[in-house]
Number of protein chains: 2
Amino acid sequence: MADPLSTTFAALADPTRRAILARLTGGEATVTELAEPFAMSLPAVSKHLRVLQRAGLIAQGREAQWRPCRLEAGPLKQVSDWMERYRSFWEESFERLDEYLEVLKTKEGTTGGRDHSPD
Amino acid sequence: MADPLSTTFAALADPTRRAILARLTGGEATVTELAEPFAMSLPAVSKHLRVLQRAGLIAQGREAQWRPCRLEAGPLKQVSDWMERYRSFWEESFERLDEYLEVLKTKEGTTGGRDHSPD
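Cut-off values and rules
Residues numbered from 1 in each chain as written. Chains lettered and ligands numbered in written order. Predicted model: local features only at pLDDT ≥ 70, side-chain atom pairs only at ≥ 80, totals over all residues. Heavy atoms only, no water. Helix = DSSP H or I, 4+ residues; strand = E, 2+ residues; numbered from the N terminus. Buried < 20%, exposed > 50% of the residue type's maximum accessible area, 1.4 Å probe, protein only. Contact = heavy atoms within 4.5 Å. Areas by Shrake-Rupley, 256 points an atom, 1.4 Å probe, with all protein chains shown as cover. Buried area = accessible area lost by both parts, 1.4 Å probe. Salt bridge = Lys/Arg side-chain N within 4 Å of Asp/Glu carboxyl O. Polar contact = N/O pair within 3.5 Å; in protein donor to acceptor, adjacent residues only side chain to side chain. Axes fitted to C-alpha atoms, helices over the stretch in contact; angles between N-to-C directions. Parallel < 35°, antiparallel > 145°, perpendicular 65-115°, else oblique. Core = buried A, V, L, I, M, F, W, Y, C linked by side-chain atoms within 4.5 Å. Least-squares fit on C-alpha atoms with pLDDT ≥ 70 in both. Patch = residues over 30% accessible without salt bridge, like charges linked within 9 Å, V, L, I, M, F, W, Y side chains within 5 Å. Lys, Arg positive; Asp, Glu negative; His and termini not counted. Charge placed at Lys NZ, Arg CZ, Asp CG, Glu CD. Phe/Tyr/Trp six-rings, centres within 6.5 Å; stacked < 30°, edge-to-face > 60°.

1. Digging into the overall build of chain A
So, point 1. Within chain A one finds 5 helices and 2 strands.
So, point 2. Taken from N to C terminus, the helices and strands of chain A fall in the order α-α-α-α-β-β-α.
So, point 3. Within chain A, the proportion of its 119 residues that are buried is 36%.
So, point 4. Within chain A, contacts between residues separated by at least 24 positions form 49% of all contacts whose residues are at least 6 apart in sequence.
So, point 5. Surface exposure of chain A reaches about 7600 Å², of which carbon and sulfur atoms provide 53%.

2. Topic: the interface of chain A and chain B
So, point 1. Each partner contributes residues to the interface: chain A has 30 residues there, and chain B has 30 residues.
So, point 2. When chain A packs against chain B, close to 2600 Å² is buried across both sides, 76% of that on carbon and sulfur atoms.
So, point 3. When the buried area of chain A at its contact with chain B is split by residue, R18, Y86 and F89 of chain A rank highest and sum to 21% of it.
So, point 4. Applying the counting criterion to the chain A and chain B interface returns 2 salt bridges.
So, point 5. Among the ionic pairs, D3 of chain A bridges to R18 of chain B, the shortest N-O distance being 2.6 Å.
So, point 6. Inspection of the chain A/chain B interface yields 6 residue pairs in polar contact (both at pLDDT 80 or more).
So, point 7. Mapped onto the side of chain A that touches chain B, the elements with two or more residues apiece are α1 (4-12), α2 (15-24) and α5 (74-110) of chain A.

3. A short note on the packing of helix α2 (residues 15-24) of chain B against helix α4 (residues 42-54) of chain B
Residues and elements named next belong to chain B.
So, point 1. One way to put it is that α2 packs onto α4 with a least axis distance of 10 Å and a crossing angle of 75 degrees. One element, α2, and the other, α4, form an angle in the roughly perpendicular class. Residues T16, R17, I20 and L21 of α2 lie in contact with α4, whose contacting residues are H48, L49, V51 and L52.

4. Details of the nonpolar core
So, point 1. In this structure, L21, L49 and W82 of chain A together with L21, L49 and W82 of chain B are the most contacted members of the largest nonpolar core, which totals 56 residues.
So, point 2. Aside from chain neighbours lying at most four places away, what touches W82 of chain B is L12, R18, L21 and L76 of chain A together with L5 and F9 of chain B.

5. Quick look at the relation of the copies chain A and chain B
So, point 1. With an RMSD of 0.1 Å, the operation that places chain A on chain B is a rotation of 180 degrees combined with a shift of 0.0 Å along the axis. As the rotation angle and translation indicate, the two copies are arranged about a two-fold axis.
So, point 2. In this assembly, 100% of the residues forming the interface of chain A have copies in chain B that are likewise at the interface, indicating an isologous arrangement.

6. Looking at a negative patch on the surface
Residues and elements named next belong to chain A.
So, point 1. Taken together, the side chains of E92, E95, D98 and E99 present a region of like negative charge at the surface.
So, point 2. Relative to the helices and strands, E92 is located in helix α5.
So, point 3. Given the relative accessible area of 41%, E92 is considered partly exposed.

7. Examining the pattern of salt bridges
So, point 1. One pass over the structure, following the stated rule, counts 12 salt bridges over all chains.
So, point 2. R87 of chain B serves as the salt-bridge partner of E91 of chain B, at 3.6 Å between the closest nitrogen and oxygen. Remark: R87 of chain B and E91 of chain B occur in helix α5 (residues 74-110); sequence separation between them is 4 residues, near one turn of the helix.
So, point 3. It is possible to trace a salt-bridge network through shared partners that takes in E84, R87 and E91 of chain A.

8. As for the packing of aromatic side chains
So, point 1. Throughout the structure, instances matching the rule amount to 5 aromatic pairs over all chains.
So, point 2. One aromatic cluster is present, built from ring pairs that chain together F9, W82 and Y86 of chain A together with F9, W82 and Y86 of chain B.

9. A look at a nonpolar patch on the surface
Residue and element names in this part refer to chain A.
So, point 1. A grouping of F94, L97, Y100, L101 and L104 is seen on the molecular surface, where their side chains present a nonpolar patch of about 450 Å² in accessible area.
So, point 2. Inspection of the secondary structure assignment puts Y100 in helix α5.
So, point 3. Taking the relative accessible area as the measure of exposure, Y100 reaches 51% and is therefore exposed.

10. Thoughts on the side chain of D14 of chain A
So, point 1. Here D14 of chain A is to be found in the loop between α1 and α2.
So, point 2. Here D14 of chain A is buried and forms no salt bridge, its nearest opposite-charge partner R17 of chain A lying at an N-O distance of 4.3 Å.
So, point 3. The residues contacting D14 of chain A, other than those within four sequence positions of it, are H48 of chain A together with S6 of chain B.

Pasting the structure below:
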């Protein structure tokens with residue numbers, strides 16, 4: 001069996017499943033409500049819900065007919081904690097890019113703002 | 001073909017690939033250096049590197065023999081941006097849990113700190 005973080009990432013690797021999670025940030029929803037925006041059969045949506053449920057990203061109520069789904073925060077917190085160690089890395093990268101663009105802008109200025117004709 | 005975010009999440013859904021990324025936060029490394037900590041053949045590691053490369057999470061130099069790999073920040077920034085909309089959600093969840101634990105502690109206090117004998 002996969003480790004919890006791998007199971008979470010695998011569950012997030014699908015646009016339909018991410019759209020379902022986005023919908024659930026607005027509150028609980030039934031399977032039928034969740035299926036509505038998708039050109040997809042109810043069994044196909046249920047399959048996606050099972051993947052999300054196995055990853056602990058959603059939980060489903062026990063009421064026989066309704067069984068509303070809700071978002072669960074735990075695994076997303078885990079992803080965020082994992083991401084944290086890379087934050088400094090990508091922030092630095094984008095700062096370096098900014099600095100580079102500043103240097104380019106300054107160069108443009110000192111070379112007298114030559115016009116570049118389009119190819 | 002999968003959308004970029006799905007490709008990134010799929011690439012992150014493996015502990016070996018996440019360990020490779022973690023190693024690369026310390027700087028560039030060759031395939032042989034990256035393979036060292038794993039009980040894994042070089043082709044098996046190369047396969048993981050190709051998945052990371054296709055997701056744009058790493059880039060590999062062009063020097064024939066060495067071809068050092070380095071971490072690329074872009075896709076991780078994308079994941080972080082995606083996560084951002086869920087941040088308030090899990091922060092609230094954990095605050096609610098804290099509040100609940102506070103209530104439990106207060107209750108413990110007002111019921112006179114009864115001893116619970118272990119079962």
